[in-house]
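# What the coordinates show
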Amino acid sequence: MANLHIINHPLVQHKISLLRDKNTGTKEFRELVSEIAMFICYEATRDLPLKEIEIETPVAVAKTKVISGRKLAFVPILRAGLGMVDGVTALVPAAKIGHMGIFRQPDTKEAVKYYSKMPDDIAERDVIIIDPMLATGHSAIAAIDEVKKLGVSHIKFMCIICSPEGVDKVREAHPDVDIYTGVMDQGLNEDKYIVPGVGDAGDRIFGTR
Ligand code: URA
């Protein structure tokens, strides 16, 4: 069964509290999403393989380590996932970015894919799917399904806030996909929003309603 990694770092917890505040405006919300994404990405990349190389310093030859192995791609789920791209690419600037457009049917809350544009070599890359909110799990599952269809075999899912229901659904559908989150909230309300959550993350990132 896939692991659930909750990033309990004090800076992450503090920033999530600021994110929750309904009085936090668009600019600050956007900055916080980006910063929290960077911290969670730091943990989600902890197991990247290293190889030893030699580098000449001004003093001597150093046996030192660099990241080796498969390259990374991040796949934000539109729209809200876009808010995390700056943060994760600050840590992994060479990563490619795929885009996955998924919206929730307002009545059924089912995930409907309307757009997908992936790097040509996606099948040779490890993929981290990013979306600030893991609520019902429908979008996450649809995004993972799509990326698997393209031949990707190493997938992680990164969010900022998850619900217990969403985590259960994703783990049931994709037991091989580890989930990285800042916090797990109480659950979902009747509109399938995370409680207490942050409200609509996309609206708060982009200043829409
Ligand atoms: N998407 C959001 O933006 N917020 C939620 O609470 C659930 C899904």
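The following refers to the structure shown. (Residues numbered from 1 in each chain as written. Predicted model: local features only at pLDDT ≥ 70, side-chain atom pairs only at ≥ 80, totals over all residues. Heavy atoms only, no water.)

For the rest of this paragraph, the subject is the nonpolar core. With 33 residues, the main nonpolar core has Leu19, Phe74, Ile130, Met158, Ile160 and Ile161 as its most contacted residues. Put simply, the parts of the chain that give this core at least two residues each are helix 1 (10-20), helix 2 (26-44), strand 4 (72-78), helix 3 (85-91), strand 8 (126-130) and helix 6 (201-206). Ranked by residues supplied to this core, first place goes to helix 2 with eight residues. Leaving out residues up to four positions away in the same chain, Met158 has contacts with Ala37, Ile40, Cys41, Ala44, Met84, Val88, Ile128, Ile129, Ile130, Asp131 and Tyr180. Among the nonpolar cores identified, the runner-up in size contains 24 residues, and Val75, Ile77, Ile102 and Ala140 belong to it. (Core = buried A, V, L, I, M, F, W, Y, C linked by side-chain atoms within 4.5 Å. Buried < 20%, exposed > 50% of the residue type's maximum accessible area, 1.4 Å probe, protein only. Helix = DSSP H or I, 4+ residues; strand = E, 2+ residues; numbered from the N terminus. Contact = heavy atoms within 4.5 Å.)

With respect to spatial proximity, the complete set of residues near the ligand consists of Arg104, Met133, Ala135, Lys192, Tyr193, Ile194, Gly199, Asp200 and Ala201. Within the backbone of Ile194, one N or O atom sits 2.7 Å away from an oxygen atom of the ligand. In the model, a nitrogen atom of the ligand is placed 2.8 Å from a nitrogen or oxygen of the Gly199 main chain. Its atoms largely coinciding with the cavity grid, the ligand occupies the largest pocket. Broken down by class, the residue content of the shell around the ligand amounts to five nonpolar, one polar and three charged. (Near = heavy atom within 4 Å. Polar contact = N/O pair within 3.5 Å; in protein donor to acceptor, adjacent residues only side chain to side chain. 1 Å grid on protein atoms, 1.4 Å probe; cavity = no way out; pocket = protein on both sides within 12 Å on 5 of 7 lines; lining within 4 Å. Sits in = over half its atoms within 2 Å of the grid points. Nonpolar A, V, L, I, M, F, W, Y, C, P; charged D, E, K, R; others polar.)

Now for the sheet that holds strand 9 (residues 133-134). Sheet architecture is open: three strands sit in the order 9-11-13, paired in parallel fashion. Unpaired on one side and paired on the other, strand 9 and strand 13 (183-184) mark the two borders of the sheet. Direction of pairing for strand 9 relative to strand 11 (residues 161-162): parallel, over a ladder of two bridges. Counted as the bridge partner of Met133 is Ile161 from strand 11. (Pairing = 2+ DSSP bridges.)

The subject of this paragraph is unusual backbone geometry. Excluding glycine, a negative phi dihedral is what most residues carry, and trans is how most peptide bonds are arranged. With an omega dihedral of -5 degrees, the bond running from Leu78 to Arg79 counts as a cis peptide bond. Tracing the backbone shows Arg79 in the loop between strand 4 and helix 3. Here Lys192, not a glycine, exhibits a phi torsion of approximately 65 degrees, which is positive. Relative to the elements of secondary structure, Lys192 occurs in the loop between strand 14 (187-188) and strand 15 (194-195).

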